[in-house]
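Structure assessment
Chain residues, written in single-letter form:
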Amino acid sequence: MLRTFVAIADAASFTTAADRLHSTQSTVSQQLGRLEAAVGQSLIDRSARPISPTASGERLLGYARRLLALQNEAETLLADPSGTITIRIGVPDDVVTMAMSRQFARFAERHREIRLDVTTGLSRDLTRRFRAGEFDIAIVKEAVADGDARASFSEPLAWFEARDVFRDWPDPIPLVTFPPGGLYRDLMIDRIERERRNWYIAFTGNSLASVLSAIEAGLGVSVLPISTTGAHAVRTSAIFSAEAPLLLSIYAWEAAGATGELLAAMIDVISRR
């Protein structure tokens, strides 16, 4: 009805407006009549030559143009499929490297209709959420891979301390850790207690960057994947011998279509890790 009203006002003619709208003059008249009934005002002065908007019609005309422009904008937006499909991914913080992010970017360029929703967290929580159906793809650290893992790779671990720290660590040993529930935290505590040493938590960080910064500053020792430490001022510590590696496993509910394409790209990044 608004589009008909604007067409009549612009054309100053029912006949011309009908031609522009690819409609009939009677349909145009009916649409205008319905709009006038809805607003309770006469909008077009039919007795004028040429016909023109009434005072109420002039007031409505600007709003009508804005409403129609907003409708066109909404239609254009909805016609663009960008981001209308979501692939949900759960990964440990240290897996979101530049190499992995570049793969995400390449995938997004090829599939504008897909939005990547990436969540970082602790592996045990990521595993639980994947099994609950909250993720389409999950990468987790674990001691033993489940039978439905799409791929698994060894993740060598070591104890690390500040590169410029040269000392015997005291008893109790200060630990730099992730929050409770983290695999590395549990692994450290288990190892120290098996060695019959004492320990305390000197620093807890929620991200790999914060944990590495604390180690660099000399706050304590920590167990981390060797692959994550190359760019930081840390070195392997002689406080304990090397730990057994964990597995870095990739799980996905589907391996076909776009999800399969992304899964293959992620596996490629992890295989070169």
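In short, a report on the structure. Quantities reported herein were computed from a predicted structural model and do not represent experimental measurements. (Residues numbered from 1 in each chain as written. Predicted model: local features only at pLDDT ≥ 70, side-chain atom pairs only at ≥ 80, totals over all residues. Heavy atoms only, no water.)

Some words on the packing of helix H1 (residues 2–11) against helix H3 (residues 25–39)
In contact at an axis separation of 9 Å, H1 and H3 are set at 115 degrees when each is read in the N-to-C sense. In terms of axis orientation, H1 runs roughly perpendicular to H3. As H1 packs across H3, the resulting crossing turns out to be left-handed. For the pair H1 and H3, contact is made by Leu-2, Thr-4, Phe-5 and Ile-8 and by Val-28, Gln-31, Leu-32 and Leu-35, respectively. By residue class, the composition of the contact of H1 with H3 is six nonpolar, two polar and no charged. (Axes fitted to C-alpha atoms, helices over the stretch in contact; angles between N-to-C directions. Helix = DSSP H or I, 4+ residues; strand = E, 2+ residues; numbered from the N terminus. Parallel < 35°, antiparallel > 145°, perpendicular 65-115°, else oblique. Left-handed = near helix turned anticlockwise from the far one by under 90°. Contact = heavy atoms within 4.5 Å. Nonpolar A, V, L, I, M, F, W, Y, C, P; charged D, E, K, R; others polar.)

A short note on the side chain of Glu-36
Take Glu-36: it is sitting in helix H3. Overall, the relative accessible area of 13% leaves Glu-36 in the buried class. (Buried < 20%, exposed > 50% of the residue type's maximum accessible area, 1.4 Å probe, protein only.)

Things to note about the pairing of strand E9 (residues 199–204)
Within a regular strand, the side chains alternate between the two sheet faces. Note that strand E8 (residues 173–177) and E9 share five bridges and pair parallel. Considered in E9, the bridge of Pro-174 is made with Tyr-200. (Pairing = 2+ DSSP bridges.)

Section: the pairing of strand E7 (residues 157–162)
Taken across its six residues, E7 has six buried, putting it largely inside the fold. The pairing of E7 with strand E10 (residues 222–225) spans four bridges and is classified as antiparallel. Bridging across to E10, Leu-157 finds its partner in Pro-225. Pairing analysis gives three bridges linking E7 to strand E11 (residues 234–236), with the strands arranged antiparallel. Counterpart to Phe-160 in the pairing with E11 is Thr-236.

As for H3
With 15 residues, H3 should cover 21 Å at 1.5 Å per step; its first-to-last C-alpha distance of 21 Å lies within 8% of that length. Buried residues of H3: Val-28, Leu-32, Leu-35 and Glu-36, and no others. Buried residues along H3 cover an arc of 100 degrees about the axis, so they all sit on one side. In H3, those exposed residues whose orientation departs by more than 90 degrees from the buried face are Gln-30, Arg-34, Ala-37 and Ala-38. Looking at the residues trailing H3, positive phi occurs at Gly-40, about 70 degrees. (Expected span 1.5 Å × (residues − 1). Arc of directions from axis to C-beta.)

Considerations on the nonpolar core
Within soluble globular proteins, side chains that are nonpolar tend to cluster in buried spots. Residues Trp-159, Ile-173, Leu-175, Val-221, Leu-224 and Ile-239 are the most contacted members of the largest nonpolar core, which totals 28 residues. Contributing elements (two or more residues each) for this core: E7, E8, helix H7 (183–194), helix H8 (208–216) and E10. In this structure, Val-221 is in contact with Trp-159, Phe-160, Glu-161, Trp-169, Ile-173, Pro-174, Leu-175, Val-176, Met-188, Ser-237 and Ile-239, ignoring residues within four places of it in sequence. By size, the runner-up hydrophobic cluster in this structure holds 19 residues, among which are Val-6, Ala-9, Leu-32 and Ile-44. (Core = buried A, V, L, I, M, F, W, Y, C linked by side-chain atoms within 4.5 Å.)

Describing the environment of Arg-163
With respect to the helices and strands, Arg-163 occurs in the loop between E7 and E8. Sequence separation between Arg-163 and Ala-151 is twelve residues; the distance between their C-alpha atoms is 34 Å. Beyond its immediate sequence surroundings of up to four residues, Arg-163 is in contact with His-232, Ala-233, Val-234 and Arg-235.

Quick look at helix H6 (residues 123–131)
Here H6 has its buried residues at Ser-123, Leu-126 and Phe-130. Burial along H6 is one-sided: seen end-on, the buried residues are contained in an arc of 60 degrees. Buried-residue contacts for H6 involve strand E3 (85–91), strand E4 (114–120), strand E5 (137–142), H7 and strand E12 (246–252). Note on H6: the residue one or two positions beyond its end, Gly-133, has a positive phi of about 85 degrees.

What about empty space enclosed by the protein?
A full pass over the atoms with the stated rule returns one cavity of 30 Å³ or more. Reported here for the largest cavity is a volume of approximately 40 Å³. Considering the residues around the largest cavity, the lining is formed by Thr-127, Phe-130, Arg-131, Ala-138, Val-140, Glu-142, Asp-146 and Tyr-251. Taken together, the elements giving at least two residues each to the lining of the largest cavity come down to H6 and E5. Its residues placed into classes, the lining of the largest cavity shows four nonpolar, one polar and three charged. (1 Å grid on protein atoms, 1.4 Å probe; cavity = no way out; pocket = protein on both sides within 12 Å on 5 of 7 lines; lining within 4 Å. Points joined across faces, edges and corners; volume = space filled by probe spheres on them.)

In short, geometric facts, not functional conclusions.
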